[in-house]
Amino acid sequence: MIHTLDARVKFLLAIGFILTTSLTPGERWPVFILLLAVILSVEVLSELGILFVWRRALLALPFVLAALPLLFTTTGNTLFEFYMGKWHLMASWEGLERFASIAMKSWLSVQAAILLASCTPFPELLAAMRAVRIPRLLVAIFGLMWRYLFVLVDEAMRLMRARAARSSTSDQTATRPGRDIAWRARVTGGMAGNLFLRAFDRSDRIYMAMLARGYDGEIRSTPLYPLTAQERLVLTVGFLILLLLLTLAYLL
Amino acid sequence: MLYSPAPMHIPDGFLSTAVSLVLWVLSIVVIAYSLKRVSADLGERQVPVMGVLAAAIFAGQMLNFTVAGGTSGHLMGAAIATILLGPWAAILVMTSVVSIQALIFQDGGLLALGSNIFNMGVIGVAVSYMVYQTIHKLAGGKSWGIFAGGFIAAWLSIFIASLAVGLQLALSGTSPANIAIPAMGGIHAIIGMGEGLITLGALVFLYATRRDLVLAGEKPQPAGAAVWVVGLLIALALTVISPLASAHPDGLEWVAEQKGFLDTAQGPLYEIIPDYVLPGVSSEAVATILAGVIGTLIVFGVTLGVAIARRNRQSSNA
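Residues numbered from 1 in each chain as written. Chains lettered and ligands numbered in written order. Predicted model: local features only at pLDDT ≥ 70, side-chain atom pairs only at ≥ 80, totals over all residues. Heavy atoms only, no water.

Before going further, it helps to spend a moment on the domain arrangement of chain A. Residues and elements named next belong to chain A. Domain boundaries in chain A define domain 1 (7-133 + 226-251) and domain 2 (136-166 + 184-212). Here domain 1 and domain 2 have C-alpha centroids that lie 34 Å from each other. Taking both sides of the interface into account, the surface hidden between domain 1 and domain 2 amounts to around 490 Å²; carbon and sulfur atoms contribute 92%. Considering only the surface of domain 1 that becomes buried against domain 2, Phe122, Leu126 and Arg130 emerge as the three largest contributors, covering 75% of it. Run the count over domain 1 and domain 2 and you get zero residue pairs in polar contact (both at pLDDT 80 or more). In the side of domain 1 that touches domain 2, the residues fall into four nonpolar, no polar and one charged. (Domains from an automatic or database assignment. Buried area = accessible area lost by both parts, 1.4 Å probe. Polar contact = N/O pair within 3.5 Å; in protein donor to acceptor, adjacent residues only side chain to side chain. Nonpolar A, V, L, I, M, F, W, Y, C, P; charged D, E, K, R; others polar.)

See below:
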C-alpha cells in the first residue's frame, strides 16, 4: 500500500515528518509518542516488518555517543553520581531527559528515512526530486551515479579480491602479514587510484555511448503525471496530521 | 553490501532546526553556483564524468586497510576529487556522494543533509583546494608538491570538517563545546592520516600511469581565487574559533540557550496537562508512570488498529 503510493507524496511526507520531529521541543514526550504511533502505523502498512526497520535504524546508534556528555553537563536534580579518578561526575534528570529526547528524535527520523528508501524505487525518487524543483542537472548526476554505483562497487570488490589473492593471511597478530601501516595505506591508495582511472575510462565510454544515441547535453525525462485526487487526499491528510501534532507540541 | 558508516555524517535529531536550515541555505547557494560554473566548464560531458566519479568515490570508500586491532582506515574523497576535477565539480561530486548515502543508506539524516553537504562538500573541497594549490605553487611544479600537497590537503580537510561538525553539535546544544570539538578533532586528526595516506597512494599511482589527469588540476580554475580565499578563511576561522569555544564553552552554551529559548519561547500558550502530571492524581511519580502507560497504550492501540484494519481488508479482498 505504501509501496504503490506516488513517490512525490512519500518524499514530501517523509521530509515533513522529519521536520515536525525536529521542531518538537525536547521535553514534549506525549508528542514523541504520537509521532512514534504514526511511524509505526506506516511501518505496519508498508509490510516491511517493524523489526526490519528497527534493525536498520541501529545504523545511527553510534552517533548517540556525541550527546552522552549532556547527562553530566546539564545542571539539575541529581540522578546518580560517581567518581572516576579525581573527576566527580554527576548525572542529572534534566540531562537524561535532554539526552533521551535527542536519541528519540534521531530514532524517529531515521525510521522515516528508512521507510522512504525501502518503499520507493530510486528512479521514482529521482522523479520526485525533479518535481520539487531540485535542479535537473543535479538529479541527472544522482541518477547516473546510482546507475553505476553497483558497477563501481563490483570494481572495488575485484580490486580487494586481487589484493587478498596476492597476500597471505594469518590469525596470529605476531605474524601479521604486510609491512607497516604506511605501506598498507599506500597499497590501498594505489587501488583507489586504479579505481579512479577505471572510472575515468568508463565515463569516457559512457559519454561516447550517450553521444551515439543522440545525446546533445540536454537532459530529457518523461513528464510527470499530475497527482490523482486520492494521492492529493493522502498528502493533505498526512500534512494535517503532522500540523496537528506540531500544534499539540506547542500547546501542551 | 559492505558498507561502514563514517563518524562524519550527522544523523537527524542531533542538530537544532535553526542550525540545519541555515546550513541548508548555505549549501544550496554554493551548489547552485557550482552547477553554473561546471555547466560552463565541462559542458555536456559533465553528467557522465561527475556521475561515474561520484560512484567511484562512493566505491572507493570501501577500499580499506587494517590499522590496528580490528579498526580500519578508509577514504572520504574530498581532496582527491578536488585535485582531479577542480573545486566546482568536486563540490557537486561530494554533494552527490553525501546525498546518496543519506537517501539510500541512511548514513546521515535528511534534514541534517544540508549540514553534511556543507561539511564534506563545501568545507572539505575549499580547504583541500587552498592547501593543494598553495603547496603546489610553493613546489614550483616539482612532483613533490603534488604528493605533499595531496597528503596535507586530505588530512587538513578531514580535520577542519570535523571541527565544523563539533561546532555545529555544540551550537545545537547537543554536545558541550569543550567535549564535542576536541573529541571530533582528536578522532579525525587520526582518521585524517589514513585519508592522507590513501590520497597520497592514489596520486602516486595516477602520476605514474596517467600524469595528464593529475596535471589537469593545474590549469587555472574559474573563480579559483575565490575558492582559495574561502578555504583559507574557513580553515583559519575554525582553527581560531574551536579552541576558543572549547576554552569558553559558556559562550556557546549561551548561544545554544538563546536558541533553545527561541525554540520553546512560543511554547506553552496554556497547559493542558501541566508538567505531564495528570490532573486529579496527587502523587507526581504515580502520575508520571500513568502518563507513560497511557502513552504506550496509545502507540500500541493505533498500531494494532492499523494492523487489524489491514488484515480485514486483505481477507475481504481474498
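On to the side chain of Thr82(B), then. Residue and element names in this part refer to chain B. Among the secondary structure elements, threonine 82 is positioned in helix α3 (residues 78-85). For threonine 82, a relative accessible area of 5% puts it in the buried group. Within the local environment of threonine 82, its side chain forms a polar contact with the backbone oxygen of alanine 78, the two atoms lying 2.6 Å apart. Excluding residues within four positions of it along the chain, threonine 82 makes contact with Pro87, Ala90, Val125, Ser128 and Tyr129. (Helix = DSSP H or I, 4+ residues; strand = E, 2+ residues; numbered from the N terminus. Buried < 20%, exposed > 50% of the residue type's maximum accessible area, 1.4 Å probe, protein only. Contact = heavy atoms within 4.5 Å.)

This paragraph deals with helix α9 (residues 224-247) of chain B. With 24 residues, α9(B) should reach 34 Å at 1.5 Å per residue; the first-to-last C-alpha distance of 35 Å fits that figure. Within the span of α9(B), buried status applies to Gly224(B), Val227(B), Gly231(B), Ile234(B), Ala235(B), Leu238(B), Ser242(B), Ala245(B) and Ser246(B). (Expected span 1.5 Å × (residues − 1).)

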